[in-house]
Amino acid sequence: MHDNSGAMPLEDATTDLEGKDAIDRARAIISEGGRIDVDLGLSLYKKAPLMELGELAHSVKKKMHGEKIHFNLNLHVNTTNICVLACRFCAFRKGSKHEDAYDLSVEEYLDRVRPYSNSIDEVHSVGGLHPEWTIEHYEELYKAMKKEFPHIAIKSLTAVEVKHIAKRTGITIPQTLTRLIDAGLDALPGGGAEILVDSVRDRICRGKESSLEYLSIHRSAHKAGLPTNCTMLFGTVETLEDRITHLDLLRKLQDETSGFQCFVPYPFLPDRTRLPEAKIPSAEEVIRTISISRLMLDNIPHLKAYRMNIGDDLASIAILNGADDLDGTVEREEIMHSAGSNTPLNTGMDGLIRMIESTGQAAVQRNTTYSRFKSHTLKNRSEPKRLPVAR
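Right, let's walk through the structure included here. (Residues numbered from 1 in each chain as written. Predicted model: local features only at pLDDT ≥ 70, side-chain atom pairs only at ≥ 80, totals over all residues. Heavy atoms only, no water.)

Within the protein chain, the secondary structure is distributed over 14 helices and 10 strands. Taking all 391 residues of the protein chain together, the buried fraction comes to 55%. Of the contacts formed within the protein chain by residues at least 6 apart in sequence, a portion of 76% connects residues at least 24 apart. Carbon and sulfur atoms provide 51% of the accessible area of the protein chain, an area that totals close to 17,400 Å². (Helix = DSSP H or I, 4+ residues; strand = E, 2+ residues; numbered from the N terminus. Buried < 20%, exposed > 50% of the residue type's maximum accessible area, 1.4 Å probe, protein only. Contact = heavy atoms within 4.5 Å. Areas by Shrake-Rupley, 256 points an atom, 1.4 Å probe, with all protein chains shown as cover.)

Right under this line is the structure:
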């Protein structure tokens, strides 16, 4: 902003200089193999010019992954929307007597997978905290999945679901994880982290696991050899300082275990939820958060632009600003769409490849654990067969 004389106000000029100084310091630290500390991370978040911040984050992404942008062929199946909690930000949850409440039987779950089983290699599956299910239900489900679809990886359960299952069954967290792994669980998706600051959690998700419990459950998973993702829900009632604290806690646990494979930040979607005081992030803030995350989380290899939340257009920008993953084909999704997402569910592999190639980067299909990769280009994809036209 300028005054009538055309001069930039002193406070704006000072902020601009501070932002450029923070970028210069961050660039120097990264070039020397150093780490962005909490104070510098906060300065970048508050003051760094967005374009320069994004360029720096993209350069870090390119150093880690080159021009590759990852995706997978997955399906979301939610086991139940019945939940004993009532988090203020959640539009998905229903009470057990609500007319729209459901809990899938094992056979109903398999029925949702069957139409897609030849075109996916992962099922992403989370749900509410069911008041009656114990670990035996999940063991039966995972074993049935592996018996019928041995090629499909099961990425399932948030940390609070693991805690709830352990409590309902009367066993420890490590015992719970061991039994679930033996039944076929391949990875945890990392959801439910929200913001790892308990004063924030007390306002938006009272009754869920504490910040330390979230980290402890993931630590236990990593010790058991179970890879996990981690997440951050931002734009509710937290401050920028809270977000940086969250990133720093994840980074410290990753220093300890190396078990996180991907970080997934996503903004709060306000529709049909009960958090009127939420500070809804702008598109610019979403991109800024993704860039800051890439710079801070130097030890977590992958960063996802979660299309189901931020939409395809913003995801296309995000993969030029630090993100290297677009999630997958998804096919169906309930949690984000219950909260107001309008991201299409019919993008398909060709659509993902097209989105990636439109940014000048290379589409790489990956599996759930980022251990198998396959490059794709639209020109190498078979052309769809067309019916002959009568003349």
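Okay, unusual backbone geometry next. Notably, Leu-157 is not glycine yet its phi reads approximately 80°, a positive angle. By the secondary structure assignment, Leu-157 is in the loop between strand E4 (153-156) and helix H6 (159-169). Its relative accessible area of 1% is what places Leu-157 among the buried residues. Here Ser-258, not a glycine, exhibits a phi torsion of approximately 60°, which is positive.

Taking 1.5 Å per residue, 16 residues should reach 22 Å; helix H3 (residues 50-65) reaches 22 Å between its end C-alpha atoms and fits that length. What H3 keeps buried is the set Leu-53, Gly-54, Leu-56, Ala-57, His-58, Val-60, Lys-61 and His-65. Downstream of H3 by a residue or two, Gly-66 has a phi angle that is positive, lying close to 65°. (Expected span 1.5 Å × (residues − 1).)

This paragraph deals with the packing of helix H5 (residues 135-148) against helix H7 (residues 173-183). Running from N to C, H5 and H7 point in directions that differ by 25°, and their axes come no closer than 8 Å. Taken together, the axes of H5 and H7 are roughly parallel relative to one another. Here Ile-135, Glu-136, Tyr-138, Glu-139, Tyr-142, Lys-143 and Lys-146 of H5 lie close against H7, whose contacting residues are Thr-176, Arg-179, Leu-180 and Ala-183. Considering only residue class, the contact of H5 with H7 consists of 5 nonpolar, 1 polar and 5 charged. (Axes fitted to C-alpha atoms, helices over the stretch in contact; angles between N-to-C directions. Parallel < 35°, antiparallel > 145°, perpendicular 65-115°, else oblique. Nonpolar A, V, L, I, M, F, W, Y, C, P; charged D, E, K, R; others polar.)

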